[in-house]
Amino acid sequence: MPNDTPRSQPRRRDHSTLQLPCGTCSRWFKTPSGRTRHRISAHPVMPVPPQDNHKPPIPQEPQPPNLAQPSRDEGHHVDMDIHEGHHGADYHDINMDEHPRQPSPQADVHTEFVGCGDHLYRNYHTGLSAEFLYKQNQMPAGQIDRLLDLWASTLAKHNDEPPFADHRDLYNVIDSSPFGDVPWQHFTVAYDGERLADEDRPWMDDQYEVWFRDPREVVRNMLANPTYANEIDYRPYREYSTEGDKRQWKDFISGDWAWDQADEIAKDPSTLGSTFVPVILGSDKTTVSVGTGNNEYYPLYASIGNIHNNVRRAHRNGVAVIGFLAMPKTTQEHAEEPSFRRFRRQLFHSSLSKILDPLKPGMSTPEVTRFGDGHYRRVIYGLGPYIADYEEQLILFYMCVANRDNLDEDALPRTHKYTEALIEEALSDDLWDDFGIVAQLVPFTNDFPRADIFQMISLDILHQLVKGAFKDHLVTWVEKYLRLTHRKRKAQKIMDNIDRRIAAVASFSGLRRFPQGRGFKQWTGDDSKALMKVYLPAIEGHVPQDVVRTFRALLDFCYLVRHNIITEDTLLEIDDALSRFHRYREIFKATGVVLHFSLPRQHSLTHYVRNIRLFAAPNGLCSSITENKHIEAVKEPWRRSSRYNALGQILLTNQRLDKLAAARVNFTRRGMLTGTCLSAAISLD
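Since the structure is predicted, the reported quantities are computational estimates derived from the model, not experimental observations.

What counts, and at which threshold
Residues numbered from 1 in each chain as written. Predicted model: local features only at pLDDT ≥ 70, side-chain atom pairs only at ≥ 80, totals over all residues. Heavy atoms only, no water. Helix = DSSP H or I, 4+ residues; strand = E, 2+ residues; numbered from the N terminus. Buried < 20%, exposed > 50% of the residue type's maximum accessible area, 1.4 Å probe, protein only. Contact = heavy atoms within 4.5 Å. Areas by Shrake-Rupley, 256 points an atom, 1.4 Å probe, with all protein chains shown as cover. Phe/Tyr/Trp six-rings, centres within 6.5 Å; stacked < 30°, edge-to-face > 60°. Lys NZ or Arg CZ within 6 Å of the ring centre and 35° of its normal. Expected span 1.5 Å × (residues − 1). Disulfide = S-S within 2.5 Å. 1 Å grid on protein atoms, 1.4 Å probe; cavity = no way out; pocket = protein on both sides within 12 Å on 5 of 7 lines; lining within 4 Å. Points joined across faces, edges and corners; volume = space filled by probe spheres on them. Nonpolar A, V, L, I, M, F, W, Y, C, P; charged D, E, K, R; others polar. Pairing = 2+ DSSP bridges. Axes fitted to C-alpha atoms, helices over the stretch in contact; angles between N-to-C directions. Parallel < 35°, antiparallel > 145°, perpendicular 65-115°, else oblique. Salt bridge = Lys/Arg side-chain N within 4 Å of Asp/Glu carboxyl O.

### A few points about the overall build of the protein chain
Per the secondary structure count, the protein chain includes 25 helices and 14 strands. Expressed as a percentage of its 685 residues, the buried residues of the protein chain come to 48%. For the protein chain, the proportion of contacts with a sequence separation of at least 24, taken over those separated by at least 6, is 70%. Roughly 34,600 Å² of accessible area belongs to the protein chain as shown, and the carbon and sulfur atoms make up 50% of that amount.

Here is the structure:
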């Protein structure tokens, strides 16, 4: 966390209400310059010769910065501000017959600040007001000004003022906070490979910007968060049940991977006894435009494996956005060319390597950092598993050596040594055709110690099981089976009956109702999870019994791997459910619905038991975590932007949200947020 050294509040302007009358008409104005412009346009008069009135000039108040996007200063540090719709008052137009109102004097921190030793805000509710307006309510700038005017009108009779002069003053208060301040940086990437004489590819001449924040500082802020003090593990452990003394897995640090990493660290005398901090990464493209356009962003997220799974899944800032990756595009003519696809993959890995570079020294040399319990510990960083859906996993690397034409056959996990041996011995074309390996690709893990890309790809319950094996495969296969088995009209009648059964489900806690059945276009992960609970009885009697058994086996598998605590007995049940699923799904091949089961998402089911032993309960590494983070880190900031050069505004919004969250954590630790604003004010009387 940032240094808690108190800082004095910078000089701020008082709230300015509409208190300057036009004098000619009934309109009132907030600033003299606004009234002057109104008089010139609405009540023009003939100009008069200038006269020397011997009055001293009024100094001009500094203009606030007005940048539409982050600046590209030397050293890549970002000093951002956002155009908020209109400029500050122009005091060149001040009427010399009237004096502008002076800003309020410097606040007396000993009498106006609430909280021992805190010098950040004038009073108790200023910080809470900033959080409410900017984060919780997400109020636009114009509405903030309107609210402050109404607020000021109620306080005028008490000779008091609102906590902010206007929306710019609110933003400046947030920006001046020292808590959670990790500035954005950027670098540019361009293609520098070989070119043939006749090659003219647009993507080869483009430059691609990548924005990021120092992951080391982000990780240190997480470690220092006092709200995690009782929900963080400082060392790997193996947990056994009290009944039967059987191994069980819950949080990430209880897995074998963290245990093995600690063993490797302990081999070096200089790192012996250090706290291992695995950095969990995740990325996923997301579309923010609604209805039209193709506005996509490629956020990169980071978390730490030490915090418990429930913290990572909850909205408690256990996952932070640390970068926005570039998305190279080209014309349709060149989009499928191998050279462009290789460049796109390598750009992804090279960008990750550059972003994570600040963590590299701390992976071999311990550094001392503060934890949320107030103690300082020596830590060693390491790259942990990568949260990714199927498309992202293809960019990273394949998990195993299974033949892509026959994924049903048993296959061992792919290893770094095995892949290096294949690259040395096999031809490039054979590597891709037979093993799915891009010989020229250098994974980002090659630049970091103890990092193996083939062990880092985590399982994904959302896309592999819920959206994949259940919704995209089995539900679709049932519809196809009905069309193959019955005439078109009969098949439609049966599907309508299935929809009626789904819609007839009684209201009950934990069950979602589908009034129109399951026939809607846009499916979400929550929709698929809700359908899993009611779909099985809806198809009973309309499909063969083996189809029902196939669904039951898959549902058993899904619900078992979603447990918060998985025991040795649970792993046996998972194996049994998978065996039943493989046996009963043959009904779809026998009826001609599918020709084979060489499907990557169904094949991934065979890796769950192994990965549970490595990384503990899979619900702590599911892509639903990053998809939920999209809302707060990308989609909502985009909606509150002006849509013009929106990325710069998204970056600034995320930085302000982090400052507010870090300030709340700091105030909570100081005991400043006990009770409510009203109770605190009453206690001071």
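From this point, the narrative continues.
### Remarks on the packing of aromatic side chains
Working definition: an aromatic ring pair is given by the centre-to-centre distance plus the angle between the planes. Under the counting rule described, the total for this entry stands at 24 aromatic pairs. Measuring from ring centre to ring centre gives 5.6 Å for F187 and F212, while their planes differ by 55°; the resulting arrangement is tilted. Here F212 lies in strand β4 (residues 207–213) and F187 lies in strand β3 (residues 184–190), a separation of 25 residues in the sequence. A single burial state applies to F187 and to F212, both of which are buried. Relative to F343, the ring of Y191 lies with its centre 5.7 Å away and its plane at 80°, an arrangement referred to as edge-to-face. Of this pair, Y191 sits in the loop between β3 and α6 (202–205) while F343 is found in helix α10 (residues 338–355), placing the two residues 152 residues apart along the sequence. Linked through ring pairs, Y191, W203, Y208, F340 and F343 together constitute an aromatic cluster. R377 extends its terminal NZ or CZ atom over the ring of F371, reaching a point 4.9 Å from the ring centre. When the ring centre of Y134 is taken as origin, the NZ or CZ atom of R640, which lies over that ring, is 4.2 Å away.

### Focus on helix α19 (residues 568–584)
Here α19 spans 25 Å end to end across 17 residues, near enough to the 24 Å set by a 1.5 Å rise per residue. Buried within α19 are the following residues: T570, L571, I574, A577, L578, R580, F581 and Y584.

### Some details on helix α1 (residues 32–42)
Residues of α1 that are buried include every one of P32, S33, G34, R35, T36 and H38, and no others. Contacts made by the buried residues of α1 are with β1 (20–21) and β2 (28–29).

### A few points about the state of the cysteines
Applying the stated rule across the entire model yields 0 disulfides. Of all cysteine sulfurs in the structure, the one in C22 sits closest to C25, which takes part in no disulfide; the separation is 3.5 Å.

### Description of empty space enclosed by the protein
Scanning the entire structure with this criterion turns up 12 cavities of 30 Å³ or more. Of the volumes computed, that of the largest cavity is approximately 340 Å³. Of all the secondary structure elements, the ones that give two or more residues to the lining of the largest cavity are α7 (215–223), β11 (320–324), α23 (623–639) and α24 (646–669). It is α24 that contributes the most residues to the lining of the largest cavity, 6 residues altogether. Partitioned by chemical class, the residues of the lining of the largest cavity number 13 nonpolar, 5 polar and 4 charged.

### A look at the pairing of strand β13 (residues 376–387)
The buried count for β13 comes to 10 of 12 residues, which makes it a mostly enclosed element. Examined bridge by bridge, strand β12 (residues 367–370) and β13 share 4 bridges and lie antiparallel to one another. Counted as the bridge partner of R370 is Y376 from β13. Hairpin connection of β12 to β13: 5 residues between the antiparallel strands, including G374 at a positive phi of 90°.

### Observations regarding the packing of helix α4 (residues 141–155) against helix α5 (residues 167–175)
Packed helix pairs are characterised by how far apart their axes lie and by the angle those axes make with each other. Put simply, α4 and α5 touch, their axes get as near as 8 Å, and they point 105° apart. When the axis of α4 is compared with that of α5, the two are roughly perpendicular. Taken together, the residues of α5 that come into contact with α4 (itself represented by A141, I144, D145 and L148) are H167, L170 and Y171. For the contact of α4 with α5, the class distribution of residues is 5 nonpolar, 1 polar and 1 charged.

### Points about the sheet that holds strand β5 (residues 239–240)
Taken in spatial order, the 3 strands make up an open sheet running β5-β6-β14, and their pairing is antiparallel. The open sheet has two free edges, formed respectively by β5 and β14 (566–567), since each of these has just one partner strand. With 2 bridges connecting them, strand β6 (residues 247–249) and β14 associate as antiparallel partners. By the bridge assignment, W249 is partnered in β14 with I566.

### Re the sheet that holds β12
Strands sit in the order β3-β4-β11-β10-β7-β13-β12 across an open sheet of 7 strands; the sheet is mixed. Of all the strands in the sheet, the pair left with one neighbour each is β3 and β12. Within the sheet, the average angular offset between the axes of one strand and its neighbour, ignoring direction, is 40°. Packed on one face of the sheet, α24 meets β3, β4, β11 and β12 and runs near 10° to β4.

### Some remarks on the pattern of salt bridges
Inspection of the entire model under this criterion finds 25 salt bridges. A salt bridge links R201 to E337; the nearest nitrogen and oxygen atoms lie 2.9 Å apart. Of this pair, R201 sits in the loop between β3 and α6 while E337 sits in the loop between β11 and α10, placing them 136 residues apart in sequence. Taken individually, R201 and E337 each receive the classification buried, so the pair is uniform in this respect. The shortest N-O distance in the salt bridge between E296 and K329 comes to 3.5 Å. A residue pair is termed long-range when its members are at least 10 positions apart, and E296 in strand β9 (residues 296–297) and K329 in the loop between β11 and α10 qualify at 33 residues. When its relative accessible area of 24% is taken as the criterion, E296 is described as partly exposed.

By themselves, these are just geometric observations and shouldn't be taken as functional.
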